[in-house]
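Residue strings, one per chain:
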Amino acid sequence: MRMGKVIGNVWATRKEDGLAGLKLLIVQPIDAYGSNIQTHLVAADRIGAGIGDEVLITSGGASRFILPKENPIPIDAVIIGIIDSTEVKRGEIHESSDRND
Amino acid sequence: MRMGKVIGNVWATRKEDGLAGLKLLIVQPIDAYGSNIQTHLVAADRIGAGIGDEVLITSGGASRFILPKENPIPIDAVIIGIIDSTEVKRGEIHESSDRND
Amino acid sequence: MRMGKVIGNVWATRKEDGLAGLKLLIVQPIDAYGSNIQTHLVAADRIGAGIGDEVLITSGGASRFILPKENPIPIDAVIIGIIDSTEVKRGEIHESSDRND
Amino acid sequence: MRMGKVIGNVWATRKEDGLAGLKLLIVQPIDAYGSNIQTHLVAADRIGAGIGDEVLITSGGASRFILPKENPIPIDAVIIGIIDSTEVKRGEIHESSDRND
Amino acid sequence: MRMGKVIGNVWATRKEDGLAGLKLLIVQPIDAYGSNIQTHLVAADRIGAGIGDEVLITSGGASRFILPKENPIPIDAVIIGIIDSTEVKRGEIHESSDRND
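Thresholds, definitions, all that
- The residue numbering used here restarts from 1 in each chain and proceeds along that chain's sequence as written.
- Lettering of chains starts at A and numbering of ligands starts at 1, both following the order in which they are written.
- Local features in this predicted model are restricted to residues whose pLDDT is 70 or higher, and side-chain atom pairs enter the listing and the counts only when it is 80 or higher, whereas totals over whole chains, interfaces and linings include all residues.
- As a convention, hydrogens and water are excluded, and side-chain values are obtained from all of the structure's heavy atoms.
- The least-squares superposition of copies is restricted to C-alpha atoms, and to residues with a pLDDT of at least 70 in both copies.
- Throughout, a residue-residue contact means that at least one pair of heavy atoms, one from each residue, lies within 4.5 Å.
- Each residue carries a pLDDT score, the predictor's confidence in it, ranging from 0 to 100.
- Helical segments are the DSSP runs of H or I of at least four residues, strand segments are the runs of E of at least two, and each set is numbered from the N terminus.
- Here's how the labels work: a residue is buried when its accessible area is under 20% of the maximum for its type, exposed when over 50%, partly exposed in between, all with a 1.4 Å probe on protein chains only.
- A quick way to say it: buried area is the sum, across both parts, of accessible area lost when two parts are put together, with a 1.4 Å probe.
- By convention in these notes, a salt bridge is any Lys or Arg side-chain nitrogen within 4 Å of a carboxyl oxygen on Asp or Glu.
- By the criterion applied in these results, polar contacts are pairs of N or O atoms within 3.5 Å in which, for protein atoms, one can donate a hydrogen and the other can accept it, and in which residues neighboring in sequence qualify only through two side-chain atoms.
- All residues other than Ala, Val, Leu, Ile, Met, Phe, Trp, Tyr, Cys, Pro, Asp, Glu, Lys and Arg, Gly among them, are scored as polar; the first ten of these are nonpolar and the last four charged.
- Between any two strands, at least two bridges found by DSSP are needed for them to pair.

(A) Molecular detail of the relation of the copies chain B and chain C. Overlay of chain B on chain C (RMSD 0.0 Å): rotation 72 degrees, translation along the axis 0.0 Å. The superposition operator between the copies reduces to a five-fold rotation axis. In terms of proximity to the rotation axis, the leading residue of chain B is B:Gly61, whose C-alpha is 4.4 Å off the axis. Little of the interface of chain B is mirrored in chain C, where only 3% of its interface residues are also at the interface.

(B) Structural detail: the confidence of the model for chain A. Within chain A, residue pLDDT values average 90, and 88% of them lie at 70 or more. This stretch, residues 97–101 of chain A, has a pLDDT under 50; its non-local contacts, to residues over four places away or in other chains, come to 19 contacts.

(C) Layout of the environment of C:Val10. Tracing the chain through its elements places C:Val10 in strand S1 (residues 2–11). According to the relative accessible area criterion, C:Val10 is buried, its value standing at 4%. Note: C-alpha distance between C:Val10 and C:Lys23 (13 residues apart in sequence) is 8.4 Å. For C:Val10, the contacting residues outside a window of four places in its chain are C:Leu24, C:Ile26, C:Val42, E:Leu56, E:Ile83, E:Ser85 and E:Thr86.

(D) Spatial organisation of the relation of the copies chain D and chain A. Mapping chain D onto chain A is achieved by rotating through 72 degrees and translating by 0.0 Å along the same axis, at an RMSD of 0.0 Å. In this assembly the copies use different faces: only 3% of the residues contributing to the interface of chain D also contribute to that of chain A.

(E) The arrangement of unusual backbone geometry in detail. At A:Gln38, a position not held by glycine, the phi torsion is positive, near 55 degrees. Relative to the helices and strands, A:Gln38 resides in the loop between strand S3 (23–30) and strand S4 (41–45).

(F) Fine view of the interface of chain B and chain C. At the junction of the two partners, chain B supplies 32 residues and chain C supplies 32 residues. Looking at the side of chain B facing chain C, the largest losses of area belong to B:Trp11, B:Arg14 and B:Glu16, adding up to 26% of the total buried there. On inspection of chain B and its partner chain C, the count reaches 1 salt bridge. With a closest N to O distance of 2.8 Å, B:Glu16 and C:Arg46 form a salt bridge. Between chain B and chain C we count 16 residue pairs in polar contact (both at pLDDT 80 or more) in total. Elements represented by at least two residues in the side of chain B that touches chain C include exactly strand S1 (2–11), strand S2 (14–15), strand S3 (23–30) and strand S4 (41–45) of chain B. A total of 6 residues in the side of chain B that touches chain C trace back to one element, the largest contributor, which is S1(B). When the residues that make up the side of chain B that touches chain C are grouped by side-chain class, the tally is 17 nonpolar, 6 polar and 9 charged.

(G) Structural view of the interface of chain D and chain A. Taken together, the 31 residues of chain D in the interface contact 32 residues of chain A. Seen at the junction of chain D and chain A, the total is 1 salt bridge. For the side of chain D that touches chain A, the elements supplying multiple residues, two or more each, are strand S1 (2–11), strand S2 (14–15), strand S3 (23–30) and strand S4 (41–45) of chain D. Broken down by element, the side of chain D that touches chain A gets its largest block of residues, 6 residues, from S1(D). Here the side of chain D that touches chain A is built from residues that sort into 17 nonpolar, 5 polar and 9 charged. Both strand S7 (residues 85–88) of chain A and S1(D) contribute to a ladder of 4 bridges, which runs antiparallel. Within the sheet, the bridge partner assigned to A:Ser85 lies in S1(D) and is D:Trp11.

(H) Quick look at the pattern of salt bridges. All names here are of chain C. This model, assessed by the stated rule, comprises 10 salt bridges over all chains. The partner of Lys23 in a salt bridge is Asp45, and the shortest N-O contact between them spans 2.9 Å. Of this pair, Lys23 sits in strand S3 (residues 23–30) while Asp45 is found in strand S4 (residues 41–45), placing the two residues 22 residues apart along the sequence.

Shown next, in the form of structure tokens:
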């Protein structure tokens, strides 16, 4: 999984049927120290993440398993967790910041 | 998902059977600010995207789920939505531009 | 999907059983303007592509769906179409070149 | 698979249901000589890896097969082995270092 | 598929159950001219590749299909063939070198 920070929303009225009602968030990937890496992606969210949250993102074919396997949808990124805290070697604690809930 | 802008069409007469009738568009990936990133890709489209549209693209193994799971086809990118608007942290609204429909 | 140009062949006598009889071509990925991008890959071909052809390549887990789903094989790239022509925004037509058939 | 070194932990209380109880570790990918490559990722762990361990990481859609196929979960990286040693051409033995167990 | 050269072995005693008995090799990806590209990866091998062999590597979710589909395992790279020779446009023959069998 990648770590990332939610930075925005995206809306699309015209879309594939399976995606109706799915919240889509814009995420900036970050490394373990909170630095921006790579470029923005759009991830589906079912757990209530909001702008500023640090999150865990699953990419690729397994993303659809936020829904039952009998109900496959064409998505390739999903927020699977909201990070409470991380602990990186050298003992430093990196508290998740900018929580907005 | 990635964001992108539709920039062209591609035609192929000789192709795998499962792809007959599937519209194929050339897409330039963009970031949340509309800047070009990465290189062009070709995505299947079933929702009527046109040149100039900003779109959401699903890549990889889940792309085929625009069709029922009993009917798998060998595609790895599909347009799943046409972006109406995005809202990125700092309050700035990025209106989708160049809509041609 | 990516666009690419077929540049060679590769032969392997000793291989996984499922791959017997599958033609393998070396492909140079290109962008929508025909410029080389990224590095070479090897793709399975069932539609008769030849050296010099510009082709559409599907990568990843969906590649195996050139065969029935009951017959999965360990491949991750396949040629799904031979490009006749592309049309890129600004009206310029990019005719597929170097066709050898 | 990629090689990597476990450098930290990540905790998330709010997450997708399927992930309850799954240990999540932060991993720094390394090459065959132990040099850092690429950026950090988060991988699920069921085999008891700890900080400092050198590990083998599976990414993508196959990661979920640490659980039975009837129980798919949305993860895209998992630790599948703890490296004892590697042997790289030129005869040099690279002993896994920093084992903490 | 990618081309690569086998450069080493990796051993892991503690690992996911499904991987018991699977030989794991370290591979250096190469392009069609034999130049090193990208970074090392670890691939499962069932066809008897050895150090120095030039091989074809399948990555991602299809890798597991070296085993029957009823027996999924969490791997993301596998050697599917040992390259005998390649022929690249311009007529030059690139003989596979360093075969050790």
